[in-house]
Amino acid sequence: MIVRSQRPMDLEMPLDGFLTEWTPVERFFTRSHDYEAKVDLSSWHLEVGGTVARPQKLTFETIQKMPKVDMPAVLECAGNGRAFHEPSMPGIQWEYGAVGNARWAGVRLAEVLKLAGVQEKSVEVVFDGADVPVGTMPEFQRSIPIGKAMDPDTILAYEMNGEPLSTLHGFPLRLIVPGWAGDCWVKWLTRIDVLRAPFEGFFMKTAYRHPGHAVKPGSAVDPALMEPVTRLNPKSVIATPLDGTETEVGKPLVVKGVAWTGGDSRINAVDLTFNGGMTWVQPQPGPYANQYAWRSWQYTHTPEEEGYLRIGVRATDGAGFVQPYVPAWNPSGYLWNVVHMIGVNVVKQRTAVSSKAPEAKRRGESPAIYRSNCIGCHEDDVITQQRLSRGQWEKEVEKMGRWGSKFKPTDKDAIVDYLANEFPYKKR
Ligand SMILES: Nc1nc2c(c(=O)[nH]1)N[C@H]1C(S)=C(S)[C@@H](COP(=O)(O)O)O[C@H]1N2
Ligand SMILES: [Mo]
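Residues numbered from 1 in each chain as written. Chains lettered and ligands numbered in written order. Predicted model: local features only at pLDDT ≥ 70, side-chain atom pairs only at ≥ 80, totals over all residues. Heavy atoms only, no water.

### Some remarks on the environment of Asn290
- Residue placement: Asn290 occurs in the loop between β19 (284-285) and β20 (295-301).
- In sequence terms Asn290 and Ile92 are 198 residues apart; their C-alpha atoms lie 30 Å from each other.
- When residues no more than four places from it in sequence are discounted, the contact partners of Asn290 are Met71 and Pro72.
- At 3.0 Å, the side chain of Asn290 and the backbone oxygen of Pro72 are in polar contact.
- A polar side-chain atom of Asn290 sits 2.9 Å from the main-chain amide nitrogen of Ala293. (Helix = DSSP H or I, 4+ residues; strand = E, 2+ residues; numbered from the N terminus. Contact = heavy atoms within 4.5 Å. Polar contact = N/O pair within 3.5 Å; in protein donor to acceptor, adjacent residues only side chain to side chain.)

### As for the site of ligand 1
- Around ligand 1 lies a shell of 20 residues, among which His33, Asp131, His169, Arg174 and Lys187 are the nearest.
- Here an oxygen atom of ligand 1 sits 3.4 Å away from a polar atom, N or O, in the side chain of Thr30.
- Between His33 and ligand 1, the recorded distance is 2.8 Å, taken from a backbone N or O atom to an oxygen atom.
- Across the shell around ligand 1, the residue classes tally to 10 nonpolar, five polar and five charged. (Near = heavy atom within 4 Å. Nonpolar A, V, L, I, M, F, W, Y, C, P; charged D, E, K, R; others polar.)

### Topic: helix α8 (residues 412-422)
- Inspection of α8 places Lys412, Ile415, Val416, Tyr418, Leu419 and Ala420 among the buried residues, and these make up the whole buried set.
- Packed against the buried residues of α8 are α5 (368-374), α6 (381-384) and α7 (390-402). (Buried < 20%, exposed > 50% of the residue type's maximum accessible area, 1.4 Å probe, protein only.)

### Focus on helix α2 (residues 109-116)
- Along α2, the residues classified as buried are Leu109, Ala110, Val112, Leu113 and Ala116. Angular distribution of buried residues about the axis of α2 spans 160°; they occupy a single face of the element.
- Looking one or two residues past α2, Gly117 carries a phi angle of roughly 75°, positive in sign. (Arc of directions from axis to C-beta.)

### As for the domain arrangement of the protein chain
- When the domains of the protein chain are assigned, the result is domain 1 (2-228), domain 2 (235-347) and domain 3 (368-422).
- Each of domain 2 and domain 3 has a C-alpha centre, and these two points are 38 Å apart. (Domains from an automatic or database assignment.)

### A closer look at the side chain of Ser366
- Tracing the backbone through its elements, the reader meets Ser366 in the loop between β22 (340-347) and α5.
- Sequence-distant contacts of Ser366, defined by excluding residues within four places in its chain, comprise Arg371 and Tyr418.

### Observations regarding the sheet that holds strand β4 (residues 56-58)
- Spatially, β4-β3-β12-β7-β8 is the arrangement adopted by the five strands of the open sheet, whose pairing is mixed. Edge strands, defined here as strands with exactly one partner in the open sheet, are β4 and β8 (141-145). Strand after strand, the sheet turns through a mean of 20° between neighbouring axes, direction not considered.
- Alignment of strand β3 (residues 46-50) against strand β12 (residues 189-195), held across four bridges, turns out to be parallel. Across the sheet, Gly50 pairs through a bridge with Val194, a residue of β12.
- On top of the sheet, α2 reaches β3, β4, β7 (124-129), β8 and β12; it is set at about 130° to β4, its chief contact. (Pairing = 2+ DSSP bridges. Axes fitted to C-alpha atoms, helices over the stretch in contact; angles between N-to-C directions.)

### Details of the side chain of Glu396
- Here Glu396 is to be found in helix α7.
- Accessibility expressed as a relative area gives 16% for Glu396, which makes it buried.
- Once you skip the residues sitting within four places of it in the chain, Glu396 turns out to touch Pro90 and Leu388.

### Things to note about the sheet that holds strand β18 (residues 267-273)
- Strands sit in the order β16-β22-β21-β18 across an open sheet of four strands; the sheet is mixed. Because the sheet does not close on itself, it has two edges, and the strands there are β16 (245-248) and β18. Averaged over all pairs of adjacent strands, the angle between their axes in this sheet comes to 30°, without regard to strand direction.
- As paired strands, strand β21 (residues 307-317) and β22 are joined by seven bridges and run antiparallel to one another. Bridge pairing in β22 places Gly312 opposite Met341.

### Let's talk about the packing of aromatic side chains
- Counted according to the given criterion, the structure contains 20 aromatic pairs.
- Seen in terms of ring centroids, Trp44 and Phe60 are 6.0 Å apart; in terms of plane orientation they differ by 80°. Their pairing is edge-to-face. In this pair, Trp44 sits in the loop between β2 (10-12) and β3 while Phe60 sits in helix α1 (residues 60-65), placing the two residues 16 residues apart along the sequence. You'll find Trp44 and Phe60 in the same group, each marked buried.
- In this structure an aromatic cluster arises from ring pairing among Phe140, Phe202, Phe203, Tyr208, Tyr334 and Trp403.
- Just above the ring of Trp22 sits the side chain of Arg103; from NZ or CZ to the centre is 5.3 Å. (Phe/Tyr/Trp six-rings, centres within 6.5 Å; stacked < 30°, edge-to-face > 60°. Lys NZ or Arg CZ within 6 Å of the ring centre and 35° of its normal.)

Set out below in structure tokens:
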């Protein structure tokens, strides 16, 4: 796994994870804003309240006795692909692997809400987990509209790939919102509240919002003018070959990957090009568990002459959405789904591959004000992956001041200077 942050744990799946239909738990990406919650089942309950006729306090046993539903579905972080946006923005610099395909199982959220009796005029349902915010960060609470909550495909899962949920993935119970981005899939559930007005918490009103239409790259947009991220868009990834590799004339080249989409839609077509989009072929589709799962595809191409293959894959869904060639830039870099294009050199005879890893840039000793104020709640790793302008670093430092870093106001400029010099904006 690619470690994006050790503490809290943010792990990314490498490209070869797209070679299997189901993503094993140990290969499944993880994203946690807080340190993971360690729940003791003997004292755990799920409380259901808000605008309901009969508030509930359910034990794990009660939930397990309700009708069990299987729900294969892709879980993808809204920020997957953020690293590719230009200009860059702060946040975990995910490339392709903040996504996985699993078989979830549990109970319908609608069944649980029926037990409680949702009152008329309810508009949303908000979910809270047992994780405790880091520092003075806001609580991770997220809401979904009542219609999505009552959708028979929205479930409270206690199993992933036939096993009880692991700690990292939300033991003992998490929300599954098939077709919608991962930020709604609240882990370590403890409370569900039905609401008569939209939920106003930080993770609904400030975070996980996008303009819903194109904005000029780099522009600031007021969160009030943005809408919550909901459905995933069509996306496909080439798992093999890898970008920048070589293949030989006359040798069959197997190209493999997966495609998925979101909302109520399903993948309608997957097209593959070997010449940067001039002509397209249709790969062989693999098994497809349901509309929410990813679908593998594969194609064998035997190059007849030397040259450079520009291999790209493009998925189309039933709602008529096609993967774009240019990203829809948005301030937090959500929902990247640009056509995945790689380059493979076709040669007569492959050259020996040098296994020498590129030398990492040596960093000088960091100043004490940085070590004492910026490393504590989290490690250095979430900082070193960023590439931000001075203005962006200044905003990040101010946010960290609000979220629990106790730097002296007089040290702020020196911290910003260090970050802006050491991790400046640069093109990838
Ligand atoms: N309680 C809680 N639930 C959460 C989160 C969190 O930080 N706390 N992260 C969310 C985000 S942003 C994503 S993408 C998914 C990631 O789920 P995973 O770690 O099982 O892959 O969980 C969601 N559920
Ligand atoms: Mo996410």
